[in-house]
Amino acid sequence: MASNGMLFIITFLAYLPVLFNGFIRTWDDKVYVLNNPLLGPLDLRNVSNIFSIPMNDLYAPLTTFTFALEHQFFGFNPWIYHFDNLLFHLSVVGLILVLSKSIGLSSRAAFFAAL
């Protein structure tokens, strides 16, 4: 059975091509990133709006806040948005692995659940 490290390598390699892509203007990147008025300054008013105003009928303040942070420091550089998303995917893989093992799944079953 492959090691836990192999799980992260497989996930990383599967998502690696995203780092070489731009924004997809015909999907949700246009609404959530490129034309999002909440990606303004990180002052108290705007951060409050991020945590109180749904975007496109979806309440996802942590996602919007992450986009606002990325925009504040890197502008509209798609690489950083995709890189952060890759890191989030790797984190979720790790969390699912830990959760799967904590509920009693075998190492093999936990590996495939996380994969």
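The coordinates are above.
Quick look at the structure, then. Computed from a predicted structure; not experimentally measured.

This part takes up the environment of Phe74. Within the secondary structure layout, Phe74 lies in helix H4 (residues 61-74). Sequence separation between Phe74 and Pro41 is 33 residues, and the spatial gap between their C-alpha atoms is 13 Å.

Quick look at the side chain of Asn46 now. Examined against the element boundaries, Asn46 turns out to sit in helix H3 (residues 44-50). Here Asn46 falls in the buried class, since its relative accessible area comes to 8%. Those residues within four positions of Asn46 in sequence are excluded, and the remaining contacts are Pro37, Leu38, Leu39, Gly40 and Pro41.

Next up on the list: the packing of H4 against helix H5 (residues 78-102). Two elements in contact, H4 and H5, have axes whose closest approach is 10 Å; the angle formed by their N-to-C orientations is 140°. When the interaxial angle is binned, H4 and H5 end up oblique. For the element pair H4 and H5, the recorded crossing hand is right-handed. Where H4 abuts H5, its residues Thr66, Phe67, Glu70, His71 and Phe74 lie against Ile80, Tyr81, Asp84 and Phe88. For the contact of H4 with H5, a count of residues per class yields 5 nonpolar, 2 polar and 2 charged.

Another point: the nonpolar core. Of all hydrophobic cores here, the largest spans 12 residues; its members are Phe23, Tyr32, Val33, Leu34, Leu38, Leu39, Ile50, Met55, Phe67, Ala68, Ile80 and Tyr81. Those elements giving two or more residues to this core turn out to be helix H2 (29-34), H4 and H5. Among the elements that line this core, the one with the most residues is H2, at 3 residues. Beyond its immediate sequence surroundings of up to four residues, Leu38 is in contact with Asn46, Asn49, Ile50, Ile53, Met55, Thr64 and Ala68.

The rules behind the values
- Residues numbered from 1 in each chain as written.
- Predicted model: local features only at pLDDT ≥ 70, side-chain atom pairs only at ≥ 80, totals over all residues.
- Heavy atoms only, no water.
- Helix = DSSP H or I, 4+ residues; strand = E, 2+ residues; numbered from the N terminus.
- Buried < 20%, exposed > 50% of the residue type's maximum accessible area, 1.4 Å probe, protein only.
- Contact = heavy atoms within 4.5 Å.
- Axes fitted to C-alpha atoms, helices over the stretch in contact; angles between N-to-C directions.
- Parallel < 35°, antiparallel > 145°, perpendicular 65-115°, else oblique.
- Left-handed = near helix turned anticlockwise from the far one by under 90°.
- Nonpolar A, V, L, I, M, F, W, Y, C, P; charged D, E, K, R; others polar.
- Core = buried A, V, L, I, M, F, W, Y, C linked by side-chain atoms within 4.5 Å.

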